[in-house]
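# Report on the structure
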Amino acid sequence: MAANSTDATWSQADSEEPDGKSAKKKGLNLSFNKRIVLVMLAVSLITVLSSIAVLSFVWEQHFQTYTRENVQRVADSTADSIAQGYKASRGDWYSGALNAASSASILYDSINVQVRDENGSIVYDDSTDKALGAAAMKESSGNVAKAAIDVDGNQVGTVFVRVHGSDTLLTQTDAEFREKSYQAMIFAAFIAMAISVVVGVLFSRALVAPIRRITNTAKALKEGDYSARTGMKGTDEIARLGNMFDAMADSVEQNRKLERRLVTDVAHELRTPLMAIQSTVEAMIDGVFEPDAERLETLNSEVRRLSRLVDALLKLSRLESRTKPIERQKVDLTEMLSAVVATHQAYINEEGLNLEFEYDPHVYVYGDADLLRQAAANLISNAVRYTPEGGTITITARKGELMGQISVRDTGIGLTPEEAKMVFQRFWRADSGRARATGGLGVGLSVVKEIVDQHNGWVRVEGRPNEGACFTIYVPLYTSESEKKKGSRPRFGTN
């Protein structure tokens with residue numbers, strides 16, 4: 001009901017918007033298919049219009065040139081006819097010499113003919129427009145042609161022919177050719193736009209199909225089907241997007257599995273000591289057990305176990321939230337690690353394990369001594385937990401070119417490459433070690449990873465099943481520039 005009410009509210013709000021805004025929203029709400037088709041249609045239309053404009057300009061230039069040549073031919077032929085008449089009339093303009101000019105005017109309705117004698121005086125003009133005289137004097141005028149009237153090698157006058165339109169003196173064939181050319185261009189424009197629409201539809205469908213597949217896969221993941229994948233193949237951008245999406249889906253599915261396992265592990269870790277505490281307390285209340293030192297020690301042991309779990313989770317949470325900045329300073333890694341080894345010597349011997357400590361003298365790093373001590377202690381505890389009696393744990397402090405190294409190698413149950421990728425997940429433990437009574441909380445290595453990350457370092461994991469494992473922490477060495485770069489976070493590597 002709440003959802004329906006919300007939808008109704010939004011619908012009412014949309015209906016109350018001005019028509020302009022509502023129309024604008026509808027105009028923008030186009031599918032990807034329609035957008036591609038419209039874009040291709042627009043590109044096609046622009047191309048066609050540009051082509052028509054260019055062709056029209058070229059054709060007009062051609063026909064204007066063609067018309068000027070025809071007008072010039074009329075002027076030349078009229079001048080030749082006038083010259084013959086002028087010669088026949090023995091130099092008298094008005095004794096039939098101008099008949100050719102009159103005939104040209106009658107033959108072509110769209111031209112005006114003007115004849116001037118050798119002195120420039122007008123002897124014939126069939127136009128009442130006095131501007132013809134001025135126009136005829138302009139030899140560069142595009143609508144005026146002139147021809148000399150030569151008699152026996154002497155110029156006795158000049159003929160001027162003025163055209164009133166660009167279609168003047170075009171034959172019917174010429175006019176039909178030009179008209180059909182424009183019709184053909186318009187027809188080609190419609191065909192090009194139709195083809196662009198068809199190609200746009202096909203192209204958009206081919207382009208949208210993989211996008212729709214990714215969308216459907218995302219929808220399936222949203223609805224809880226974590227096995228949904230796009231299954232896309234190829235090397236183009238969309239195929240790579242589909243591959244990355246599938247990789248993301250794999251990660252999501254894996255994280256969901258880890259989340260379910262996390263909930264199960266947390267419930268298991270909390271339930272075991274709580275059940276022990278509850279059963280012991282109930283037995284003491286019912287009088288089955290006496291509240292003696294042994295029973296109280298059992299309760300205390302389980303309470304401490306709960307306390308360790310909660311404390312580990314709180315430490316990890318604080319490190320990840322980074323509410324408390326780490327205090328970086330110059331730390332002698334060898335000296336710090338020697339103290340950690342000394343405090344764990346008895347614990348390692350009690351478990352029936354051998355301890356070896358190898359180190360370079362005075363490996364100075366730049367970091368938080370307490371956090372680095374905790375990270376080393378967690379690695380040692382992890383090695384002890386998964387190494388059977390009689391095994392060996394080797395702890396090493398080394399100095400590299402840029403990084404100080406802490407290595408903890410054991411001869412325990414080891415791990416596979418797949419397990420090495422998961423080892424820093426919260427509550428994750430190797431299946432073979434899960435059944436061990438000494439199994440830990442599964443949080444220690446997550447704490448190590450977060451500590452090293454905050455020191456701008458990384459952790460490398462190596463190992464093989466039943467051959468042991470080696471965890472190596474890399475922390476930046478201390479240099480004279482370390483204090484100056486205290487606020488910066490350079491990255492020296494990746495996990």
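Note that the coordinates shown come from a computational prediction; the quantities given were computed from them, not determined experimentally. (Residues numbered from 1 in each chain as written. Predicted model: local features only at pLDDT ≥ 70, side-chain atom pairs only at ≥ 80, totals over all residues. Heavy atoms only, no water.)

## Observations concerning the overall build of the protein chain
Within the protein chain one finds 14 helices and eleven strands. Sorting the 495 residues of the protein chain into buried and exposed places 37% on the buried side. When contacts within the protein chain are restricted to residue pairs at least 6 apart in sequence, those whose partners lie at least 24 apart make up 69%. With an accessible surface of roughly 29400 Å², the protein chain has 55% of that area assigned to carbon and sulfur atoms. (Helix = DSSP H or I, 4+ residues; strand = E, 2+ residues; numbered from the N terminus. Buried < 20%, exposed > 50% of the residue type's maximum accessible area, 1.4 Å probe, protein only. Contact = heavy atoms within 4.5 Å. Areas by Shrake-Rupley, 256 points an atom, 1.4 Å probe, with all protein chains shown as cover.)

## Things to note about helix α14 (residues 444-454)
Most of α14 is tucked away: ten of the eleven residues are buried. Looking at α14, one finds that the buried residues are Leu445, Ser446, Val447, Val448, Lys449, Glu450, Ile451, Val452, Asp453 and Gln454. Looking one or two residues past α14, Asn456 carries a phi angle of roughly 60°, positive in sign.

## Comments concerning the pairing of strand β1 (residues 111-117)
When you tally the buried positions in β1, you get seven out of seven residues, the bulk of the element. Both faces of β1 are covered, namely the face carrying Ile111, Val113, Val115 and Asp117 and the face carrying Asn112, Gln114 and Arg116. Of the pairings in the sheet, the one linking β1 to strand β2 (residues 122-125) comprises three bridges and is antiparallel in character. Among the inter-strand pairings, Val115 is bridged to a residue of β2, identified as Tyr124. (Pairing = 2+ DSSP bridges.)

## What about the pattern of salt bridges?
Within this structure, the stated rule accounts for nine salt bridges. A salt bridge links Arg229 to Glu253; its shortest N-O distance comes to 2.6 Å. With Arg229 in the loop between α7 (172-222) and α8 (237-286) and Glu253 in helix α8, this residue pair connects regions lying 24 residues apart in the sequence. Across the salt bridge formed by Arg398 and Glu358, the nearest N and O atoms sit 3.5 Å from each other. Linking Arg398 in strand β8 (residues 392-399) with Glu358 in strand β6 (residues 354-359), this pair joins segments that are 40 residues apart in sequence. Among the charged side chains, a network of salt bridges with common partners joins Arg229, Asp250 and Glu253. (Salt bridge = Lys/Arg side-chain N within 4 Å of Asp/Glu carboxyl O.)

## What about the packing of aromatic side chains?
Under the counting rule described, the total for this entry stands at five aromatic pairs. Judged by centre distance (4.6 Å) and plane angle (50°), the rings of Tyr86 and Trp93 are tilted. Both residues of the pair, Tyr86 and Trp93, count as buried. Ring centres of Tyr366 and Tyr478 lie 5.8 Å apart, and the angle between their planes is 50°; on these two criteria the pair is classed as tilted. Separated by 112 residues along the polypeptide, Tyr366 in strand β7 (residues 364-367) and Tyr478 in the segment after β11 (468-476) bring together distant segments of the chain. Under the relative-accessibility criterion, Tyr366 is labelled buried at 7%. (Phe/Tyr/Trp six-rings, centres within 6.5 Å; stacked < 30°, edge-to-face > 60°.)

## Overview of unusual backbone geometry
Trans is the common state for peptide bonds, and a negative phi is the common state for residues other than glycine. Despite not being glycine, Arg90 shows a phi value in the positive range, around 55°. Considering the arrangement of structural elements, one finds Arg90 in the loop between α3 (32-88) and α4 (93-97). Positive phi, normally seen in glycine, also occurs at His362, with a value near 50°. Here His362 shows up in the loop between β6 and β7.

## Some thoughts on a nonpolar patch on the surface
Residues Phe187, Ile191, Ile195, Val199 and Phe203 make up a contiguous nonpolar surface patch of roughly 470 Å² in combined accessible area. Relative to the assigned elements, Ile195 resides in helix α7. (Patch = residues over 30% accessible without salt bridge, like charges linked within 9 Å, V, L, I, M, F, W, Y side chains within 5 Å.)

## Structural notes on the nonpolar core
Residues Val365, Phe471 and Ile473 are the most contacted members of the largest nonpolar core, which totals 42 residues. Elements represented by at least two residues in this core include exactly α10 (333-350), α11 (369-385), β8, β9 (403-410), α14, β10 (458-464) and β11. By residue number, the principal contributor to this core is α11, which donates ten residues. In this structure Phe471 touches Leu379, Asn382, Ile406, Ser407, Val408, Val423, Phe424, Leu445, Arg460 and Val461, once residues within four positions along its chain are discounted. (Core = buried A, V, L, I, M, F, W, Y, C linked by side-chain atoms within 4.5 Å.)

## Topic: the sheet that holds β8
The sheet built from five strands is open, its strands ordered β6-β8-β9-β11-β10 with mixed pairing. For this open sheet the edge positions go to β6 and β10, each flanked by a neighbour on one side alone. Recorded for the sheet is a direction-independent mean angle of 10° between the axes of neighbouring strands. Strand direction decides the pairing type here: β6 and β8, joined by six bridges, are parallel. (Axes fitted to C-alpha atoms, helices over the stretch in contact; angles between N-to-C directions.)

## Regarding the confidence of the model for the protein chain
Across the protein chain, the average pLDDT comes to 77, with 76% of residues at or above 70. Across residues 1-27 the pLDDT falls below 50, and counting only partners more than four positions away or on other chains, this stretch makes three contacts in the model. Taken as a whole, residues 487-495 scores under 50 in pLDDT and shows 21 contacts with residues more than four places along the chain or in a different chain. (pLDDT = per-residue confidence, 0-100.)

## Quick word on α11
When the terminal C-alpha atoms of α11 are compared, their 24 Å separation across 17 residues agrees well with the 24 Å that a helix rising 1.5 Å per residue should span. Between the side-chain oxygen of the N-cap and the backbone nitrogen of Asp370 there are 3.0 Å, and the N-cap of α11 in question is Asp368. (Expected span 1.5 Å × (residues − 1). Polar contact = N/O pair within 3.5 Å; in protein donor to acceptor, adjacent residues only side chain to side chain.)

## Here's the deal with the sheet that holds β2
The pairing of strands in a sheet comes from backbone hydrogen bonds and takes either a parallel or an antiparallel form. Read across the open sheet, the four strands follow the order β2-β1-β4-β3; overall the sheet is antiparallel. Only two strands of the sheet have a single partner each, and these edge strands are β2 and β3 (144-151). Averaged over all pairs of adjacent strands, the angle between their axes in this sheet comes to 20°, without regard to strand direction. Pairing geometry for β3 and strand β4 (residues 154-163), over eight bridges, is antiparallel. Residue pairing for β4: Val151 is matched across the bridge by Asn154.

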